[in-house]
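# Results of the structural survey
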Amino acid sequence: MEIKTNTEGSTLTISVSGRVDTVTAPELEAGLKFGDATKVVIDLADVPYMSSAGLRLMLTAHKTMMAKGGTLQIAGVQPSVKEVFDITGFSDILNII
């Protein structure tokens, strides 16, 4: 898995590539540092698979940003990952763009 970050003003974009599962989730969790960003975009365009460990991280990121009065957007979700979000109800919780 690879994680790249880009900050523009108060917006932090985190681009993730590779599978997000129980093996790689700790690496992603370590990369989810939001600092002073008020808007975070997690780009999953290059994520073909996400397990429940990845779902937990997305929910935690959402709660973290809500608690600090910011926003979290999930971008570029592939159909296979979108299906997992839909089945679990996360599509109703997360702001998927």
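In this text, all values refer to a predicted model and were calculated from it rather than measured experimentally.

Next up on the list: the environment of Met-50. If you trace the backbone, Met-50 turns up in the loop between β3 (39-46) and α2 (52-67). Using a relative accessible area of 3% as the deciding quantity, one classes Met-50 as buried. Aside from chain neighbours lying at most four places away, what touches Met-50 is Val-20, Leu-44, Leu-55, Met-58, Val-81, Val-84 and Phe-85.

Pairing between sheet strands relies on hydrogen bonds along the backbone, with the strands arranged either parallel or antiparallel. Strand order across the open sheet formed by 5 strands is β1-β2-β3-β4-β5, with mixed pairing between neighbours. The outermost strands of the open sheet, each flanked by one partner alone, are β1 (2-8) and β5 (95-96).

What follows covers the pattern of salt bridges. Scanning the model with the defined rule gives 4 salt bridges in all. Across the pair Glu-29 and Arg-56 runs a salt bridge whose closest N-O atoms are separated by 4.0 Å. Placement of the pair is Glu-29 in helix α1 (residues 25-31) and Arg-56 in helix α2, with a sequence separation of 27 residues. By relative accessible area, Glu-29 is classed as partly exposed at 37%.

Next up on the list: the pairing of strand β4 (residues 71-75). Burial within β4 is extensive, with 4 of its 5 residues counted as buried. Between the parallel pair β3 and β4, the chain is carried across by α2, and the sense of this crossover is right-handed. Bridge analysis of β4 against β5 gives 2 bridges, and the strand direction is parallel. Pairing of Ile-74 across the sheet is with Ile-96, part of β5.

Our next topic: the nonpolar core. Ranked by size, the top nonpolar core spans 27 residues in total, and within it Val-40, Ile-42, Leu-44, Met-58, Ile-74 and Phe-85 carry the most contacts. Broken down by element, this core gets its largest block of residues, 6 residues, from α2.

A few words on the confidence of the model for the protein. Of the residues in the protein, 100% have a pLDDT of 70 or more, and the chain-wide mean is 96. No element of the protein has a lower mean pLDDT than α1, which averages 94, and none a higher one than β3, which averages 98.

With that settled, consider the side chain of Asp-21. Relative to the helices and strands, Asp-21 resides in the loop between β2 (11-17) and α1. A relative accessible area of 14% places Asp-21 in the buried class. Only 3.0 Å separates the side chain of Asp-21 from the backbone nitrogen of Val-23, close enough to count as a polar contact.

Take the packing of aromatic side chains next. Between two aromatic rings, the relevant description is the distance of the centres plus the angle of the planes. Following the criterion strictly, the structure yields 0 aromatic pairs and no others. Sitting above the plane of the Tyr-49 ring, Arg-19 keeps its charged end 4.1 Å from the centroid.

Tracing the sequence through the fold places Gln-73 in strand β4. A residue is classified by how much of its surface remains accessible, and Gln-73, at 16% relative accessible area, is buried.

Each value, and the rule that gives it
- Residues numbered from 1 in each chain as written.
- Predicted model: local features only at pLDDT ≥ 70, side-chain atom pairs only at ≥ 80, totals over all residues.
- Heavy atoms only, no water.
- Helix = DSSP H or I, 4+ residues; strand = E, 2+ residues; numbered from the N terminus.
- Buried < 20%, exposed > 50% of the residue type's maximum accessible area, 1.4 Å probe, protein only.
- Contact = heavy atoms within 4.5 Å.
- Pairing = 2+ DSSP bridges.
- Salt bridge = Lys/Arg side-chain N within 4 Å of Asp/Glu carboxyl O.
- Right-handed = clockwise from strand over helix to strand, strands pointing away.
- Core = buried A, V, L, I, M, F, W, Y, C linked by side-chain atoms within 4.5 Å.
- pLDDT = per-residue confidence, 0-100.
- Polar contact = N/O pair within 3.5 Å; in protein donor to acceptor, adjacent residues only side chain to side chain.
- Phe/Tyr/Trp six-rings, centres within 6.5 Å; stacked < 30°, edge-to-face > 60°.
- Lys NZ or Arg CZ within 6 Å of the ring centre and 35° of its normal.

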